[in-house]
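# Breakdown of the fold
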Amino acid sequence: MPTYEYECQKCEKHFEVQETIGAHAEHHQHRCPTCGSPQVRQVIASVHVQTSRKS
Ligand SMILES: [Zn+2]
């Protein structure tokens, strides 16, 4: 499952959210775990995907 990094616009804290690509595509509204603000934006550059897939 991909991990997305978000930055709170209010307190500028970064936090990570694990969600499926499907859930992410539905633009789930995340809240800052520190201050509870819904004003968060995704930090695109820090997206990293765990490739623990067996082949
Ligand atoms: Zn915050």
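Residues numbered from 1 in each chain as written. Predicted model: local features only at pLDDT ≥ 70, side-chain atom pairs only at ≥ 80, totals over all residues. Heavy atoms only, no water.

## Brief notes about the overall build of the chain
Assigned secondary structure in the chain consists of one helix and three strands. The linear arrangement of helices and strands in the chain, starting from the amino end, is β-β-α-β. In the chain, which comprises 55 residues, the share counted as buried stands at 31%. Surface accessibility of the chain: about 4300 Å² in total, with carbon and sulfur atoms responsible for 48%. (Helix = DSSP H or I, 4+ residues; strand = E, 2+ residues; numbered from the N terminus. Buried < 20%, exposed > 50% of the residue type's maximum accessible area, 1.4 Å probe, protein only. Areas by Shrake-Rupley, 256 points an atom, 1.4 Å probe, with all protein chains shown as cover.)

## Structural notes on the coordination of the zinc ion
Distances from the zinc ion to its protein donors, C8 (SG), C11 (SG), C32 (SG) and C35 (SG), fall at 2.3 to 2.4 Å. Around the zinc ion sit four donor atoms, and with donor-metal-donor angles ranging over 106 to 120° the site reads as tetrahedral. Sequence spacing among the residues donating to the zinc ion works out to C-x2-C-x20-C-x2-C. Taken together, the positions of C8 in strand β1 (residues 3–8) and C35 in the loop between α1 (21–25) and β3 (40–42) put the pair 27 residues apart, joining distant regions of the chain. (Donors = N, O, S within 2.8 Å, 3.2 Å for Na, K, Ca; no water. Tetrahedral: all angles 85-135°; square planar, octahedral: opposite > 155°, others 65-115°.)

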